[in-house]
Structure formats: structure tokens, C-alpha cells
Amino acid sequence: MADSESGRAFHFFIANFIIQLMCLWAGYKSFLALGQSDKAEMRQWLQFWVVYCAWCVLELFLDNILFYMPLYPEVKMAIVAGLIFGGGATKIYDPYLKAQIEKAEKMVKKQLKNSGTRVD
């Protein structure tokens, strides 16, 4: 049983290493986009980072369940690759995430205003 769990942990390590490499690529492309005047390119990478961060927060709560899901490391790599290389971030951000973030932004601004904190 210990060998099975250590094998699974190593599998997760390799998958996460590959995902980190993909994120390095996304970071590099984001850096390049900042140096250009192409707003569509900047928007694409900002959307990726917002979606990826939302995924990371969700994964934080579901990690103990997802760890035991068969092929989860491969699924996660495919999802991240789709977000980066397949334009998936825009397909998730525009119809789903944007409205939720706007609702949260209004609540946060209201709470900050009520607490006397300056909101710019």
C-alpha cells in the first residue's frame, strides 16, 4: 500500500512539475504581451491568470478528494494546457467567471467603504 501511495505522490510531483513549466511559458508570454501594444494579447493572458488563480483556489478546497481521482494529474495537465494553448481561459472567463468576480468586487467595495477604507 505504501508503494502505491508513494507512486501516486511521485506521479503528482511529475504532473505538477510539467504544469509549472507550462505556467513559466504563460508567464513569459505575459511578459512579452506587456511589451506590446496589442490589447487582445494582454487580455488573453490576464484572463488566463484570473482563471488559473480561480482554479488554484478551488483546488485548495478539493485537493483531498481530487488526489484519489484516477488520472487527475493528466486531467489537470490537459486543463492547464487548454487554458494556455487552446484559448480556454477566454471560454471560461467571459461566460462564467467575469460575472461572479464583478459580484464579488461590488461586495468587497461595499465592505471597504463601510469600514472607512479608501477605495480607488
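This text follows the structure it describes.
Rules used in this analysis
- Residues numbered from 1 in each chain as written.
- Predicted model: local features only at pLDDT ≥ 70, side-chain atom pairs only at ≥ 80, totals over all residues.
- Heavy atoms only, no water.
- Helix = DSSP H or I, 4+ residues; strand = E, 2+ residues; numbered from the N terminus.
- Salt bridge = Lys/Arg side-chain N within 4 Å of Asp/Glu carboxyl O.
- Buried < 20%, exposed > 50% of the residue type's maximum accessible area, 1.4 Å probe, protein only.
- Patch = residues over 30% accessible without salt bridge, like charges linked within 9 Å, V, L, I, M, F, W, Y side chains within 5 Å.
- Areas by Shrake-Rupley, 256 points an atom, 1.4 Å probe, with all protein chains shown as cover.

Draft legend 1. Seen up close, unusual backbone geometry. Of note in this structure, leucine 71 is not a glycine but carries a positive phi near 65°. Here leucine 71 lies in the loop between helix 2 (39-66) and helix 3 (72-85).

Draft legend 2. How the structure looks around the pattern of salt bridges. The full count for this structure, using the stated rule, is three salt bridges. Between aspartate 94 and arginine 43 there is a salt bridge, and its shortest N-O distance comes to 3.2 Å. Here the residue aspartate 94 occupies a position in helix 4 (residues 88-114), and arginine 43 occupies one in helix 2, the gap between them amounting to 51 residues. The salt bridge partner of lysine 76 is glutamate 59, with a shortest N-O separation of 2.9 Å. Taken together, the positions of lysine 76 in helix 3 and glutamate 59 in helix 2 put the pair 17 residues apart, joining distant regions of the chain. Residue class for glutamate 59 comes out buried when judged on its relative accessible area of 12%.

Draft legend 3. Focus on a nonpolar patch on the surface. A grouping of Phe10, Phe13, Ile14, Phe17, Ile18, Leu21 and Leu24 is seen on the molecular surface, where their side chains present a nonpolar patch of about 710 Å² in accessible area. If you trace the backbone, phenylalanine 17 turns up in helix 1 (residues 2-34). In this structure phenylalanine 17 comes out as partly exposed when scored by relative accessible area, which is 46%.

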